[in-house]
Amino acid sequence: MSVSQNSHKPVNRLLAAIPPEEYQRLLPHLKLVSLEYKQILYQPNEPIQDIYFPNNGVISLLTVMENGEAIEVATVGNEGMVGLPVFLEADTIPGQAFSQIPGEALQMRADVFKREVTSASPLFKLLQSYTQALFNQIAQSAACNRLHSIEERFCRWMLMTQDRVGSNEFPLTHEFLGQMLGVRRASVSVVAATIQKAGFISYRRGKMSILDREGLEDITCECYGIVKAEFDRLLGNSDQ
């Protein structure tokens, strides 16, 4: 479904940060799509056909090992774009990208993106800064995974997901979260039970609900605030 020329301010914060006339110029090339749970967007070393500007939901970027094991290196929500290698003049990605939390996104063909988003485009200049912000997120996550407790990392992931989804409730399983955090499912279950007992979250039947955001912020590590501040600095404060 093509996006209407009369569409109001975009939900995606990158697109919302460019001048309205630039957004209107790109609008005919953007298609509104629904991203389903676990939908694969990119496979390792396969050509990138489309890029995505998420409106809601969460896209996970994974590094995949030879034995098939995978670890999350970054997540992208409405603050970003999926398909950054195309901007960096690459045609493939060494890892995998898939829809972690279902939602909607604006899709653009990679060849169209290369043609329309040139060095003179305001979006091009913004994506240069976004590249640095995403790099900082990946670096911060690497340090976090090495130095901080599972409980702190769990809370960081919860808060980042809520920011991107814009809802207190989203689908999530302990098994899936364990894969994303790089720990055993049993370890996630113990941490989730402790945080649920404290009244910060509620979890049942694959649905996670955040009941006390301030409580999660009190026990998460500094990594959440550092990454959030970087994107807010780039894109401006947002209620989303």
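That block above? That's the structure.
Calculation criteria
- Residues numbered from 1 in each chain as written.
- Predicted model: local features only at pLDDT ≥ 70, side-chain atom pairs only at ≥ 80, totals over all residues.
- Heavy atoms only, no water.
- Helix = DSSP H or I, 4+ residues; strand = E, 2+ residues; numbered from the N terminus.
- Rg over C-alpha atoms; globule rule 2.2 N^0.38 Å.
- Buried < 20%, exposed > 50% of the residue type's maximum accessible area, 1.4 Å probe, protein only.
- Contact = heavy atoms within 4.5 Å.
- Lys, Arg positive; Asp, Glu negative; His and termini not counted.
- Charge placed at Lys NZ, Arg CZ, Asp CG, Glu CD.
- Phe/Tyr/Trp six-rings, centres within 6.5 Å; stacked < 30°, edge-to-face > 60°.
- Expected span 1.5 Å × (residues − 1).
- Pairing = 2+ DSSP bridges.
- Axes fitted to C-alpha atoms, helices over the stretch in contact; angles between N-to-C directions.
- Parallel < 35°, antiparallel > 145°, perpendicular 65-115°, else oblique.
- Left-handed = near helix turned anticlockwise from the far one by under 90°.
- Nonpolar A, V, L, I, M, F, W, Y, C, P; charged D, E, K, R; others polar.

Just checking my understanding: could you explain the overall build of the chain for this structure?
A tally of helices and strands in the chain yields ten helices and ten strands. A compact globule built from 240 residues would reach a C-alpha radius of gyration of about 18 Å, and the chain, at 18 Å, matches this within 12%. Principal-axis analysis of the C-alpha atoms gives the chain an extent of 50 × 40 × 30 Å. Buried positions account for 51% of the 240 residues belonging to the chain. Long-range pairs, those at least 24 residues apart, make up 74% of the contacts in the chain with a sequence separation of at least 6. In the chain, 22 positive and 27 negative side-chain charges are present, and the distance between their average locations comes to 3 Å.

Can you walk me through the packing of aromatic side chains in this structure?
Think of a pair of aromatic rings as described by two things: how far the centres are apart, and how the planes are tilted against each other in angle. Evaluation of the coordinates by the stated rule reveals three aromatic pairs. Ring geometry for Tyr-130 against Phe-231: centres 6.0 Å apart, planes inclined by 40°, an arrangement best described as tilted. Placement of the pair is Tyr-130 in helix 5 (residues 122-147) and Phe-231 in helix 10 (residues 222-235), with a sequence separation of 101 residues. Of the two residues, Tyr-130 and Phe-231, neither departs from the other in class, the shared state being buried.

Would you explain helix 6 (residues 150-165) in this entry?
What sets the pattern is the α-helix's 3.6 residues per turn: residues three or four places apart point alike. Given a rise of 1.5 Å per residue, 16 residues ought to cover 22 Å, and the 22 Å separating the end C-alpha atoms of helix 6 matches this to within 8%. With its phi angle positive at about 75°, Gly-166 sits one or two positions after the end of helix 6.

Teacher, can you tell me more about the sheet that holds strand 5 (residues 70-76) here?
Read from one edge of the open sheet, four strands run 2-6-4-5, paired in antiparallel fashion. Only two strands of the sheet have a single partner each, and these edge strands are strand 2 (40-42) and strand 5. Adjacent strand axes in the sheet meet at a mean angle of 35°, parallel and antiparallel pairs treated alike. Two elements, strand 2 and strand 6 (residues 96-101), share two bridges in a ladder whose sense is antiparallel. Residue pairing for strand 6: Tyr-42 is matched across the bridge by Ala-97. Packed onto the sheet, helix 7 (residues 174-181) meets strand 4 (58-64), strand 5 and strand 6 and runs at close to 90° relative to strand 5.

Honestly, the packing of helix 6 against helix 10 in this entry has me stumped. Any pointers?
Two packed helices can be described by the angle between their axes and the distance between those axes. With their axes 9 Å apart at the nearest point, helix 6 and helix 10 run at an angle of 30° to one another. The angle between the axes of helix 6 and helix 10 places the two elements in the roughly parallel class. At the point where helix 6 passes helix 10, the crossing takes the right-handed sense. Judged by residue contacts, Arg-156, Leu-159, Met-160 and Asp-163 of helix 6 engage Cys-223, Tyr-224, Val-227 and Lys-228 from helix 10. Here the contact of helix 6 with helix 10 is composed, by residue class, of five nonpolar, no polar and three charged.

Treat this as a map of the structure, not an account of what it does.
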